[in-house]
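The lines below spell out each chain.
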Amino acid sequence: MNNLGAIKDQLQQYNLDGILLTGPVNRRWATGFYASAGVLVVTRGESLFITDSRYIESAEAKVQGATVAQIGVGESYPGMVEKFLTKQGVRRLGFEQHVMSQSTYADYSEKLSAELVPAEALVADLREVKSAEEYAIMRQAQVITDKAFADVLSNISPNMTEQEVAAELVYHLMKHGGEKPSFDPIVVGGPRSSMPHGKPGPYKLEGFVTIDFGAVYQGYCSDMTRTISIGEPTEEMRIVYETVLRAQLAGISAAKAGMIGRDIDKAARDVIEAAGYGDYFGHGLGHSLGLEVHESLKASPIEGRPIPKGAIISIEPGIYLPGQFGVRIEDVVCLTGTGCENLTATPKELTIIG
């Protein structure tokens, strides 16, 4: 997977002669190669990938469309970049303003003759739309997630702790081919389930248990949430669960390429507000994902941009009653011209254990 050409094609639109990518995620998206250390410079002419001795052999074998160079002892990335930019005649150089630290920016500013121009949106916008290859990888990441959840669900018992369930999730997603979790799993039960991002603790499972996790596969993330019940739920618990499920289905139904993010959010939020729980849904309906589990697009009340065709986003409404319980249901969907395709296969009917 290589996106150097797509980046080059956008440089003129942003009035740039080149762009400097210092963040590992954008470097990976651009070249298809991951290294924790390195920089990538893409210009209208040539491109340069610099890394250190730990990665140089792999980079030389895998990076296509760019000159690969090793940083030597006593050399600096800004110094090597400046030599390259001078040869390429670069005057305006974009950079990732939200990735680069202030100290790194100061170092580059001092050593580069080119003007540094904030241009993180150039790559972020390109990453919003997933290619067929990216889509296939993300579908497989979700398959792994579905399988891991099914394995764990078949063995859950009230005697288990939140931490034990979290550990089982990680084990099973890696057993099915995942590289690692896409984030630390969230497993919280009983009154703790009212915390949307609560950490698993040494607590026995009780009441509603919210399970939120995902797998990384070939660098790409999945994300899924299900809420189960340990023992018979109360009438209010059932009402809240069904309200969240109806809201989620409404959000999925509204999700379509070209829809404004806040309008997708509103379709689900209206269901929760009509049921009288509007004050207890305090986060956005969803977010885009890919190489990162949270990327730039949102389905939230503050998102005024249309979601493009090919974007993959989560749909995850929730209701959280402090000190009582919480419910969240999350699927991942890919937006099409006529609606969306749900990548998540795990059923959403309420599962009752014990």
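The rules behind these values
- Residues numbered from 1 in each chain as written.
- Predicted model: local features only at pLDDT ≥ 70, side-chain atom pairs only at ≥ 80, totals over all residues.
- Heavy atoms only, no water.
- Pairing = 2+ DSSP bridges.
- Helix = DSSP H or I, 4+ residues; strand = E, 2+ residues; numbered from the N terminus.
- Axes fitted to C-alpha atoms, helices over the stretch in contact; angles between N-to-C directions.
- Contact = heavy atoms within 4.5 Å.
- Core = buried A, V, L, I, M, F, W, Y, C linked by side-chain atoms within 4.5 Å.
- Buried < 20%, exposed > 50% of the residue type's maximum accessible area, 1.4 Å probe, protein only.
- Phe/Tyr/Trp six-rings, centres within 6.5 Å; stacked < 30°, edge-to-face > 60°.
- Lys NZ or Arg CZ within 6 Å of the ring centre and 35° of its normal.
- Parallel < 35°, antiparallel > 145°, perpendicular 65-115°, else oblique.
- Left-handed = near helix turned anticlockwise from the far one by under 90°.
- Nonpolar A, V, L, I, M, F, W, Y, C, P; charged D, E, K, R; others polar.

S.K.: When you look at the sheet that holds strand 1 (residues 18-21) in this model, what are you seeing that I'm missing?
M.R.: Sheets are built from strands paired through backbone hydrogen bonds, the pairs being either parallel or antiparallel. Within the open sheet, the six strands sit side by side as 4-3-2-1-5-6. Their pairing is mixed. Edge positions in the open sheet fall to strand 4 (67-70) and strand 6 (115-118), since each of these has one partner strand only. Looking at each pair of strands side by side, their axes are set apart by 25 degrees on average, direction ignored. Sheet topology places strand 1 next to strand 5 (residues 92-95); three bridges connect them, and they run parallel. Each bridged residue has a counterpart across the sheet, and for leucine 20 the counterpart in strand 5 is phenylalanine 95. Relative to strand 2 (residues 39-43), helix 1 (residues 4-11) is tilted by about 55 degrees, and along the sheet it contacts strand 1, strand 2 and strand 3 (47-51). Seen against the sheet, helix 5 (residues 102-111) touches strand 1, strand 2, strand 5 and strand 6 and runs at an angle of roughly 145 degrees to strand 6.

S.K.: Explanation requested: the nonpolar core in the structure shown.
M.R.: Across soluble globular proteins, you tend to see nonpolar side chains buried next to one another. In terms of nonpolar packing, the biggest core is built from 54 residues, with Ile7, Ile19, Val81, Leu85, Leu93 and Tyr108 touching the most fellow members. A per-element tally of this core places helix 4 (residues 77-88) first, with five residues. If you look at the next biggest cluster of nonpolar residues, it comprises 31 residues, including Val244, Leu297, Leu321 and Val333.

S.K.: How should I be thinking about the packing of aromatic side chains in this particular structure?
M.R.: Remark: the centre distance and the inter-plane angle together describe each pair of aromatic rings, the angle taken between the planes. Across all of its chains, the model carries four aromatic pairs by this definition. Ring geometry for phenylalanine 95 and tyrosine 105: centres 5.3 Å apart, planes at 40 degrees, overall tilted. Linking phenylalanine 95 in strand 5 with tyrosine 105 in helix 5, this pair joins segments that are ten residues apart in sequence. In this structure tyrosine 105 comes out as partly exposed when scored by relative accessible area, which is 35%. Where phenylalanine 208 meets phenylalanine 325, the ring centres are 5.5 Å apart and the plane angle is 80 degrees; that geometry is what we call edge-to-face. A residue pair is termed long-range when its members are at least 10 positions apart, and phenylalanine 208 in strand 9 (residues 207-213) and phenylalanine 325 in strand 17 (residues 325-328) qualify at 117 residues. As far as the burial class goes, phenylalanine 208 and phenylalanine 325 line up, both buried. Within the aromatic cluster, the residues linked to one another by ring pairs are Phe208, Tyr241 and Phe325. Directly above the ring of phenylalanine 281 sits arginine 269, whose terminal nitrogen or CZ lies 4.0 Å from the centroid.

S.K.: How do you make sense of the packing of helix 1 against helix 6 (residues 120-128) when you look at a structure like this?
M.R.: Axes are the key here: two packed helices are described by the angle between their axes and the distance separating the axes. It is the contact of helix 1 with helix 6, at a shortest axis distance of 10 Å, that shows an interaxial angle of 130 degrees. Taken together, the axis directions place helix 1 and helix 6 in an arrangement best described as oblique. Here helix 1 and helix 6 pass one another in a crossing that is right-handed. Listed contacts from helix 6 to Ala6, Ile7, Gln10 and Leu11 of helix 1 are Leu122, Val123 and Leu126. Partitioned by chemical class, the residues of the contact of helix 1 with helix 6 number six nonpolar, one polar and no charged.

S.K.: So what exactly am I meant to see when it comes to the environment of valine 42 here?
M.R.: Among the secondary structure elements, valine 42 is positioned in strand 2. Residues valine 42 and threonine 210, spaced 168 residues apart in sequence, show a C-alpha to C-alpha distance of 44 Å. With sequence-adjacent residues up to four places away left out, valine 42 is seen in contact with Leu4, Ile7, Lys8, Leu11, Asp17, Gly18, Ile19 and Ser47.

S.K.: Just to check I follow, could you spell out the sheet that holds strand 19 (residues 340-342) for this structure?
M.R.: Read across the open sheet, the three strands follow the order 15-18-19; overall the sheet is antiparallel. At either end of the open sheet lies a strand with only one pairing partner, and these are strand 15 (312-315) and strand 19. Averaged over all pairs of adjacent strands, the angle between strand axes in this sheet comes to 35 degrees, irrespective of strand direction. Sheet topology note: the strand 15/strand 18 (residues 331-335) ladder contains four bridges and is antiparallel.

S.K.: What exactly am I supposed to notice about unusual backbone geometry here?
M.R.: Trans is the common state for peptide bonds, and a negative phi is the common state for residues other than glycine. For asparagine 15, which is not glycine, the phi dihedral falls at a positive 55 degrees. Relative to the elements of secondary structure, asparagine 15 occurs in the loop between helix 1 and strand 1. When its relative accessible area of 48% is taken as the criterion, asparagine 15 is described as partly exposed. In this model, glutamine 218 sits at a positive phi of 50 degrees, which is unusual for a non-glycine residue. By secondary structure assignment, the location of glutamine 218 is in the loop between strand 10 (215-217) and strand 11 (220-221). Since its relative accessible area comes to 39%, glutamine 218 is described here as partly exposed.

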